[in-house]
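Residue-level listing of the chains:
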Amino acid sequence: MAEPFSTISWDDFRLVKAIADARGLQGAAAQLGLNHSTVFRRLGQVEQALGARLFERHRSGYVLTTIGEEMAELAARLDGDITGFTRKVAGQTIAPAGELRVTTNDSLLIHLLTPLFARFRQQCPDVRLDVVVGNEALNLSKRDADVAIRATDRPPETLVGRRVARIAWALYGRAADFPRPGASDIDGHPWVSLGDNLAGLEAVRFVRRHVAPERIVYRINTVLGLAEAVESGVGIGHLPCFIGDVRPSLIRLSPPIPDFAADLWLLTHPDLRQSARVRVFLDFLAGEIGRSRALFEGNGDGARPAIPRSAVSLTGWHPCGG
């Protein structure tokens, strides 16, 4: 008679982990790209092969049994090992070709990155870009993304990359509302601000500390949406200079505020920094963004202060044609 585990495959481990993560069949089916009945049938087959129940069925969802917990923990370890292996293989790829998953936020994508991505694709047509937009940090260790483009003063210590610009912020209003702009003109004007999801930004903390709650008439959870609100005349608000300065209908009501500034980083996992497509992509972006540093740093005179590279610099990248 065959041992029970001789009939258990890696897909069965993935199935159990997905059900455990989702606490039910419907969420697991969506995660695995299967239908509900298939997940139900396969779970029954796994439990029958093992001769043990892996989940208790409750109204609140599927809860792991002791045996189920052991299987889910083993599945997590296997998933980590497999991901680590594939990441190392991807990092040894020689030719700049294949899929590259990039994560960034909507304001950087719309105001900066989309035309750069288009130019990169013209230069490296064998690299396919998969762009994931969001403010949450994806796990590059698990290859949720290969490259992260983020504004932060505290990049994760587990990643490597370079700082390519310093993003300045200033106070903006609709130009039509401020024929003679100046700090004294903002008294009595309503304010717009970012929401709680971005409460870590100094610009958001400043508004909370210094602006009366009744004057904050509009909150929104994206910087891009905030710019739209200021442009529509909802109120005055702080914006990154690279967004505010390119909108003709907006006008600066303050110089750049040093305490609000944040670094712009190009980041990847250490195992991927030797990947040809990662190296050439980040090298391309660093060069393109470097030419726009004056805009990022709010320097109206066009000056471009030097930007030091991070301690772990990705040097020696070759062009697609090299």
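All values reported here derive from a predicted model rather than from experimental measurement. (Residues numbered from 1 in each chain as written. Predicted model: local features only at pLDDT ≥ 70, side-chain atom pairs only at ≥ 80, totals over all residues. Heavy atoms only, no water.)

We now examine the overall build of the chain. For the chain, the count of helices and strands is 10 helices and 12 strands. Classification of the 322 residues of the chain by burial places 45% in the buried group. Partitioning the contacts of the chain with sequence separation of at least 6, the portion at a separation of at least 24 is 75%. Entry remark: accessible area of the chain is about 16,400 Å², with carbon and sulfur atoms responsible for 52%. (Helix = DSSP H or I, 4+ residues; strand = E, 2+ residues; numbered from the N terminus. Buried < 20%, exposed > 50% of the residue type's maximum accessible area, 1.4 Å probe, protein only. Contact = heavy atoms within 4.5 Å. Areas by Shrake-Rupley, 256 points an atom, 1.4 Å probe, with all protein chains shown as cover.)

In this section: the sheet that holds strand β3 (residues 98–104). The strand order across the open sheet built from 5 strands is β4-β3-β5-β12-β6, with neighbouring strands paired in mixed fashion. The strands lining the two open edges of the sheet, one partner per strand, are β4 (127–133) and β6 (160–167). Averaged over all neighbouring strand pairs, the angle between strand axes comes to 20°, with direction disregarded. Inspection of the sheet shows β6 paired to strand β12 (residues 262–268) by 7 bridges, in the antiparallel sense. Residue I167 lies in a different strand from β12, and its bridge partner there is A262. Its contacts with the sheet place helix α9 (residues 276–290) against β3, β4, β5 (147–151), β6 and β12, and it is angled at close to 160° to β12. (Pairing = 2+ DSSP bridges. Axes fitted to C-alpha atoms, helices over the stretch in contact; angles between N-to-C directions.)

Let's shift gears to the environment of A22. Along the chain, the position of A22 falls in helix α1 (residues 10–22). Owing to a relative accessible area of 34%, A22 belongs among the partly exposed residues under this scheme. For the pair A22 and G61, spaced 39 residues apart in sequence, the C-alpha separation works out to 8.7 Å. With residues up to four places along the chain from it excluded, the contact list for A22 reads G27 and A28.

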